[in-house]
Amino acid sequence: MRPTLRPSSLWLAVLATPLFIGQAMAAPEVYLHVDGKPVAGALTLDKGIVTLTHKLDKGSHQIRISDAGNSCGTSFGPTEARPLPFGTAQPMDKCSKGASFNLRVMLAGDYEFTFNPDTPSLKVLRATKKSEFKRQPPEEPCISWDGGPVTALLKGVWPDGTQLRDAYSGQEAVVKGGKVTLTPSKESGGLLLLEPVKAAKAAPFSWDQASVYFLLTDRFHNGDPTNDHSFGRQKDGQDEVATWHGGDFKGLTEKLDYIKQLGINAIWITPMVEQVHGFIGGGEQGNFPFYAYHGYWALDFTRIDPNYGDEESLRTLVDEAHKRGMRIILDVVMNHAGYATLADLQDLGLTDLTQNTGKLPTRWNEWRPSGGLNWHGYNQFIDYQSSEWSKWWGPDWVRAGLPGYPQPGTDDVTGSVAGLPDFLTESTRPVGLPPLLAAKKDTRAKALPDATVSDYLIAWHTDWVRRFGIDGFRADTVKHLEPAVWAKLKQAGTAALKEWKAANPDKALDDLPFYMVGEVWDHGVAKDFWYQNGFDSLINFDYQREFALPQAQCMAGAEPTYAGYASRINQDPEFNVLSYISSHDTKLFFGDYQDVPLQRRVASSFMMLPGGIQIYYGDESGRGLAKDGGVFDQSVRSDMNWQELESGEKAGLVKHWQRLGQFRAAHPAIAAGSHQKISDTPYSFVREKGEDKVVVVFAGRQK
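Quick notes on the rules
- Residues numbered from 1 in each chain as written.
- Predicted model: local features only at pLDDT ≥ 70, side-chain atom pairs only at ≥ 80, totals over all residues.
- Heavy atoms only, no water.
- Disulfide = S-S within 2.5 Å.
- pLDDT = per-residue confidence, 0-100.
- Contact = heavy atoms within 4.5 Å.
- Pairing = 2+ DSSP bridges.
- Helix = DSSP H or I, 4+ residues; strand = E, 2+ residues; numbered from the N terminus.
- Axes fitted to C-alpha atoms, helices over the stretch in contact; angles between N-to-C directions.
- Expected span 1.5 Å × (residues − 1).
- Buried < 20%, exposed > 50% of the residue type's maximum accessible area, 1.4 Å probe, protein only.
- Phe/Tyr/Trp six-rings, centres within 6.5 Å; stacked < 30°, edge-to-face > 60°.
- Parallel < 35°, antiparallel > 145°, perpendicular 65-115°, else oblique.
- Left-handed = near helix turned anticlockwise from the far one by under 90°.
- Nonpolar A, V, L, I, M, F, W, Y, C, P; charged D, E, K, R; others polar.

Looking at an unreviewed UniProt entry, the protein carries the name Alpha-amylase, with the source organism given as Aeromonas taiwanensis.

See below:
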């Protein structure tokens, strides 16, 4: 729906209100009032813009600023009760008669209030700086460890005389009387990772033991600042919530050794194809310009977005990853294209779809809201009623709420995800190129004979496999497409990878077929029809939601999960899942508690999980939340915290994840083997697959 752009009566009233004028006498002091009570220190009105931080519990809170007497002239609030959105400065009346803003808090924590007495206005954001308040995780009962030696029972696991090593500390011991005694290193959190000193023959890689490192390319590492502003993309000069930050293929290639040290054998990168050039308004309030830095708003599936790099830098990335034994999984979007933005309409010559463009700067991406508008204001320049929209994707290609287009439905397959143009992947009708690509001078897209919409999308995506040796796909929004389309994509991807390996025998890692893992929202550990329609694995939402936190509190509590996953996954060669603790859409595990010891403990339990695992960039380094502008998932897409890893507790945290990851990488039994508990105190278990066998001991939470 096209947003209403008329300024509200409240905003007009505020514009007409005289601003506060300081007097010769001492400026009065005012306070931030939360739920009727003053909090924090006094604010002096002659000091200009001030910012303070206050802890808020989950729920609704009444917010205003006033002096002790609630006097006219120093009583700042709305003219009438109204919501206080995140990230946008809200106008205030300096003679508010007791009315307050209503602030709805979904997550308890510190919040940052910015008050400008000269405007006057108030803005609120979730605070990202450390404060004295620290949210505490719920208590979880656990066995205890006094920090001393621990005896592991090994009868029936290894015979007496077997020489073992604790992979974490490097200590060695010999099995005597069916047991060994060792002291876990303090850094391990009470762990012993027991392996034979005489290692078993290395097993070939299998996707059953996938340890995947997932990253948003734009937020990881900037290796080439010259491509940061492709298509005239701009910074917003504010919190840069959803602008492009500069991460690219060159930057990722520079960090491959770092990733390899985590025991990773596959890297999942967000979609790399050319994105929409411009921005939309971020959030319901239009608090910030929202660009397609994440990769999920495609414009041209046949071109690499120049912000990420070029074909040479992609080829280098894939080749260098392969040299290190790591596969590349490419995120693909078959369900939808990106929004129509001002920059795209200008760059593609679709000016018939615009209006009032005389008010725009020469480069349309440089437009900024003014005169009471927010970032949704760009919509005033797009003519959504034009009869010329057929020149865009065209009604044979997408559903969209535009003249002449099929309208989105109400079910998963025909509905529109977040209002995005929905591809007609179910259509059996042959189509030509979409008009915008037929007219695009630099596209690689060519008309295909008797091809449907899904045929084109499959051909475009698998062309990257055939030309560059991409090892697998992570499929976005799986349940919003027909299962048969995914099956066709898998078949085409398998053929394409086989062709690449035949043409590049010196670069091929193995003869394994193409791999596909899917995002079926809210899916758990269940084998269903998706596994018969192209998927080798599905993302497991259950682990983060139900098990990650309590098992981080006490690894001994993970036994039912370990036993259940090993039984259900590892006894079925055609079934696997990819479990995680953090993601770009849900939450950041470290973000809830900002607790480094807890982040160490979650690594201990998570990295021993049967089945595939996905580490989200920064899980290993305690990457914190970003300001979100009132849009929750933006907070979990902060820049990788490289500057924190040079020394201190974050550097130690990374080393902990590295030791666990390398142990997992060395032993396929951990991910793909059988599981058998040995004892409750200390909690210990054995994993075994073929010749590979390990024992993990958790002594308990240190007293």
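We now examine the state of the cysteines. For the structure on display, the rule yields 2 disulfides. Sequence-ordered numbering of the bonded cysteines in the protein yields a pairing of 1-2, 3-4.

For the protein, per-residue confidence averages 92 on the pLDDT scale, and residues scoring 70 or more make up 95% of the total. Throughout residues 1-25 the model reports pLDDT below 50, and contacts reaching past four residues in sequence, or to other chains, amount to 28 contacts.

The subject of this paragraph is the sheet that holds strand β28 (residues 537-540). If you walk around this closed barrel you meet the 8 strands as β17-β18-β23-β26-β27-β28-β29-β30, and the pairing is parallel. Taking the axes of each pair of neighbouring strands and ignoring which way they run, one obtains an average angle of 25° across the sheet. As paired elements, strand β27 (residues 515-518) and β28 share 2 bridges and run parallel to each other. Within β28, the residue paired with Gly518 across the bridge is Leu538. Strands in contact with helix α8 (residues 483-503) are β23 (327-332), β26 (472-475) and β27; relative to β27, the strand with the most contacts, it is inclined by about 150°.

Now for α8. Since the α-helix advances by 3.6 residues per turn, residues separated by three or four positions end up pointing in the same direction. When the terminal C-alpha atoms of α8 are compared, their 31 Å separation across 21 residues agrees well with the 30 Å that a helix rising 1.5 Å per residue should span. Those residues of α8 not exposed but buried are Val485, Trp486, Leu489, Lys490, Ala492, Gly493, Ala496, Leu497, Trp500 and Lys501. Looking at the buried side of α8, the elements it contacts are α4 (311-323), β23, α7 (453-468), β26 and β27.

The next point concerns the environment of Gly325. With respect to the secondary-structure elements, Gly325 resides in the loop between α4 and β23. Classification of Gly325 by relative accessible area gives partly exposed; the value is 24%. Considered as a pair, Gly325 and Lys260 are 65 residues apart in the sequence and their alpha carbons are 8.5 Å apart. Among residues more than four places away in sequence, those in contact with Gly325 are Lys260, Asn265 and Leu509.

Before going further, it helps to spend a moment on the packing of aromatic side chains. Throughout the structure, instances matching the rule amount to 47 aromatic pairs. Taken together, a centroid distance of 4.9 Å and an interplanar angle of 75° make the contact between Tyr258 and Trp642 edge-to-face. Of the two residues, Tyr258 is situated in helix α3 (residues 256-260) and Trp642 in the loop between β30 (612-616) and α13 (649-666); the sequence distance between them amounts to 384 residues. Tyr258 gets classed as buried once you look at its relative accessible area, which sits at 13%. Centroid distance Trp367 to Trp375: 6.0 Å. Interplanar angle 85°. Geometry classified as edge-to-face. For the pair shown, Trp367 and Trp375 are each scored as buried.

Next up on the list: unusual backbone geometry. For the peptide bond that leads from Thr119 to Pro120, omega is -20°, which places it in the cis range. Inspection of the secondary structure assignment puts Pro120 in the loop between β9 (109-116) and β10 (121-126). Between Thr681 and the following residue, Pro682, the backbone shows a cis peptide bond with an omega angle of -5°. Turning to its location among the elements, Pro682 is positioned in the loop between β31 (674-679) and β32 (683-689). The phi dihedral of Glu240 is positive, around 50°, even though this residue is not glycine. Its identity is not glycine, yet Asn356 carries a phi of approximately 55°, on the positive side. With respect to the helices and strands, the residue Asn356 is situated in the loop between α5 (342-347) and β24 (398-399). Given a relative accessible area of 45%, Asn356 falls into the partly exposed group.

The next point concerns the packing of helix α9 (residues 541-553) against helix α12 (residues 596-606). Their axes nearest at 8 Å, the elements α9 and α12 cross at an angle of 110°. Of the possible angle classes, the one that applies to α9 and α12 is roughly perpendicular. Read as a crossing pair, α9 and α12 show a hand that is right-handed. Two secondary-structure elements touch here, α9 through Tyr543, Ala548, Leu549, Gln551, Ala552 and Gln553 and α12 through Leu598, Arg601, Val602, Ser605 and Phe606. When its residues are assigned to classes, the contact of α9 with α12 shows 7 nonpolar, 3 polar and 1 charged.

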